[in-house]
Amino acid sequence: MTDDRDGTTSADDVDWDASAATFDDEPDHGLRDPDVRAAWATRLRTWLPDAPCDVLDLGCGTGSLSLLAAEQGHHVTGVDRSPAMVDRARAKLAGRDAAFLVGDAAAPPVGPQRFDVVLVRHVLWTLPDPGRVLRHWRGLVRPAGRLVLVEGVWGRTSPVGIPAERLRALLVPLGGRVRVERLSEDAGLWGRRVDDERYAVVCVV
């Protein structure tokens, strides 16, 4: 999606079906390195409820975070616009308590108030009206549910992304408690050191 050191690539320019075969090559996408995988599993455990719950993973890609959530005892529904990504997610979680749908993350093909958690990583920044999308996602969670949003700002020459403070401001009108967790300094999550802004926001609504 992005080149964190030399520049950026717009998400609209990517053929996600064609990218599916190599998507997991990035350390934080495929989570093939045991240390990177463990780092994400640890973070996810702090972001999700302790008791088993229903998680909606939007823009799920090949299902790496979905798999971690399922391994932690949660029921997962994943949505991605790329059929090839969804096929890989289904294969990755075969036999798990999970289901995957082809659809738009901004308006996923699911009903309202069906989930305890909406989990989204590196998707919101690509959408043209993030405030409207957040309001829609808010309607998908049950009372006392939460939005878990992993986002950032990438690139030096022409940065893309959404700063943490802007995302916090967009979430305030939705009510609830908003917590920002800085992730840039945790090299274990990315398989290397990074110098851009990466963070997670947990909004309990």
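You'll find the structure just up there.
Undergrad: Account for the packing of helix α1 (residues 16-23) against helix α5 (residues 83-92), naming residues and giving values.
TA: Direction vectors running N to C along α1 and α5 enclose 35°, while the axes themselves pass 7 Å from each other. Here α1 contributes W16, D17, S19, A20, A21 and F23 to the contact with α5, which in turn contributes P83, A84, M85 and R88. Its residues placed into classes, the contact of α1 with α5 shows seven nonpolar, one polar and two charged.

Undergrad: Which residues make up α1, and what values do they have?
TA: Listing the buried residues of α1 in full gives W16, A20 and F23. The buried residues of α1 all sit within an arc of 75° when viewed along its axis, so they share a single face. Where the residues of α1 are buried, they touch α2 (27-30) and α5.

Undergrad: Please give an account of the pairing of strand β5 (residues 98-102) that cites residues and values.
TA: The side chains of a regular strand alternate, residue by residue, between the two faces of the sheet. Examined bridge by bridge, strand β4 (residues 75-80) and β5 share five bridges and lie parallel to one another. Counted as the bridge partner of V76 is A98 from β5. Note on the crossover from β4 through α5 to β5: the handedness is right-handed.

Undergrad: Before we move on, can you summarise the environment of D15 with the specific residues and values?
TA: With respect to the element layout, D15 can be found in the loop between β2 (7-8) and α1. A C-alpha to C-alpha distance of 8.8 Å links D15 and S82, two positions 67 residues apart in sequence.

Undergrad: Break down the nonpolar core for me, with residues and values.
TA: If you look at the biggest cluster of nonpolar residues, it comprises 32 residues, and the most contacted ones within it are W40 and W47. Those elements that provide at least two residues to this core are α3 (34-47), α4 (64-71), α5, β6 (115-121), β7 (141-154) and β10 (197-204). Contact partners of W47, with chain neighbours within four places excluded, come to W40, R146, V148, V150, R179, E181, L183, A200 and V202.

Undergrad: Tell me what's going on with the pattern of salt bridges, and back it up with residues and numbers.
TA: Overall, the coordinates contain 13 salt bridges when judged by the stated rule. The closest approach of N and O atoms between D87 and R90, which form a salt bridge, is 3.9 Å. Taken together, the positions of D87 and R90, both in helix α5 and three residues apart, correspond to about one turn of that helix. Judged by its relative accessible area of 47%, D87 falls in the partly exposed class. On the accessibility criterion, R90 (42% relative accessible area) is partly exposed. Residue E197 pairs with R182 through a salt bridge whose shortest N-O separation is 3.0 Å. Separated by 15 residues along the polypeptide, E197 in strand β10 and R182 in strand β9 (residues 177-182) bring together distant segments of the chain. Given a relative accessible area of 25%, E197 falls into the partly exposed group.

Undergrad: Please give an account of the packing of aromatic side chains that cites residues and values.
TA: Tallied over the full model, the rule gives three aromatic pairs. Plain terms: the ring middles of W40 and W47 are 6.3 Å apart, the flat faces sit at 75° to each other, and that makes the pair edge-to-face. A relative accessible area of 0% places W47 in the buried class. Here the aromatic rings of W40 and W190 are separated by 5.4 Å at their centres, their planes lie at 85°, and the arrangement is edge-to-face. With W40 in helix α3 and W190 in the loop between β9 and β10, this residue pair connects regions lying 150 residues apart in the sequence. A residue is classified by how much of its surface remains accessible, and W40, at 0% relative accessible area, is buried. A relative accessible area of 2% means that W190 is categorised as buried. Three or more aromatic residues joined by ring pairs form one cluster here, namely W40, W47 and W190. The ring of W40 carries the charged tip of R121 above its face, separated from the ring centre by 4.7 Å.

Undergrad: Lay out the pairing of β6 with the relevant residues and their values.
TA: Counted residue by residue, β6 has six buried out of seven residues, so it is predominantly covered. Inspection of the sheet shows strand β3 (residues 54-58) paired to β6 by four bridges, in the parallel sense. Residue pairing across strands places L58 opposite V120, the latter belonging to β6. Bridge count for β6 against β7 is six bridges, and the pairing is parallel. When the sheet's bridge partners are listed, L119 is paired in β7 with V148. This β-α-β element, β6 to helix α6 (residues 130-138) to β7, shows right-handed connectivity.

Criteria and thresholds
Residues numbered from 1 in each chain as written. Predicted model: local features only at pLDDT ≥ 70, side-chain atom pairs only at ≥ 80, totals over all residues. Heavy atoms only, no water. Axes fitted to C-alpha atoms, helices over the stretch in contact; angles between N-to-C directions. Helix = DSSP H or I, 4+ residues; strand = E, 2+ residues; numbered from the N terminus. Contact = heavy atoms within 4.5 Å. Nonpolar A, V, L, I, M, F, W, Y, C, P; charged D, E, K, R; others polar. Buried < 20%, exposed > 50% of the residue type's maximum accessible area, 1.4 Å probe, protein only. Arc of directions from axis to C-beta. Pairing = 2+ DSSP bridges. Right-handed = clockwise from strand over helix to strand, strands pointing away. Core = buried A, V, L, I, M, F, W, Y, C linked by side-chain atoms within 4.5 Å. Salt bridge = Lys/Arg side-chain N within 4 Å of Asp/Glu carboxyl O. Phe/Tyr/Trp six-rings, centres within 6.5 Å; stacked < 30°, edge-to-face > 60°. Lys NZ or Arg CZ within 6 Å of the ring centre and 35° of its normal.

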